[in-house]
Amino acid sequence: MAIRTHQSLSGYVATEPNTDSTREGTPRFYARAGQRQGRREPDGTYTKLQTQYVPIVAYGDAAEEAAALLAKGVGFVAEGRFRPVKYEKDGRTITGHEFEVWKIGRRRSADDHATAVEAPAEQVTHRRDVPAEFTAQHGTRPAVSALAM
């Protein structure tokens, strides 16, 4: 069986996210993502280049997940695909690309790490609730320690 692979995008949310619904009522998430660019020079120094921006969009469950996890300035890693877009705006035809998110995760920032290290364990809060089915006590069956092929 082949391993499934997709395109990925890492960066940060550069604009305030917009959440709405499509005409069919499907949840939709939209924001612009920034990705800092740089180049290693032959002498070993590092040169910062201009940040690149790309629209990101998610639909359905992925949109709900993105809305729950992301805010302006938050780093993320997403799986999905780049796709061409073409639409009319103010009487002009706009063409370009956007990244359609299928799965997304929040990247932990230095501030998150500092909070976790400095605060006592009972004061650290999680950004998402863990569903009850993941915290419920399971039967006394022993865990399987190896995968069968």
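Above this text is the structure in question.
Here's what I pulled together on the structure shown here. From a predicted model like this one, the values you see are computed outputs, not experimental measurements. (Residues numbered from 1 in each chain as written. Predicted model: local features only at pLDDT ≥ 70, side-chain atom pairs only at ≥ 80, totals over all residues. Heavy atoms only, no water.)

**Some words on the pattern of salt bridges**
As a reminder, the rule being used: By salt bridge we mean one thing: a side-chain nitrogen of Lys or Arg within 4 Å of a carboxyl oxygen of Asp or Glu. Helical segments are the DSSP runs of H or I of at least four residues, strand segments are the runs of E of at least two, and each set is numbered from the N terminus. In this scheme, a residue with accessible area under 20% of its type's maximum is buried, one over 50% is exposed, and one in between is partly exposed, where area comes from a 1.4 Å probe on protein chains only.
Under the defined criterion, the tally for this structure stands at six salt bridges. With a shortest N-O distance of 2.6 Å, R83 and E98 are connected by a salt bridge. You can see R83 sitting in strand 5 (residues 75-89) and its partner E98 sitting in strand 6 (residues 92-106), a full 15 residues away along the chain. Comparing R83 with E98, the two get one shared label, buried.

**Some remarks on the nonpolar core**
To keep it simple, the criterion reads: Here, the term nonpolar core denotes a set of buried Ala, Val, Leu, Ile, Met, Phe, Trp, Tyr and Cys residues that are joined through side-chain atoms within 4.5 Å. Contacts are assigned to residue pairs with any non-hydrogen atoms lying within 4.5 Å of each other.
Counting residues in hydrophobic clusters, the biggest one holds 19 residues, and the most contacted among them are L9, F29, I56, L70, F76, V101 and I104. Where this core is concerned, the elements lending two or more residues are strand 1 (7-13), strand 3 (27-40), strand 4 (46-59), helix 1 (61-69), strand 5 and strand 6. In terms of residue count, the dominant contributor to this core is helix 1 (four residues). Apart from the residues lying within four places of it in its own chain, the contact partners of F76 are L9, S10, G11, Y12, V13, A33, I56, L70, I104, G105, R106 and R107.

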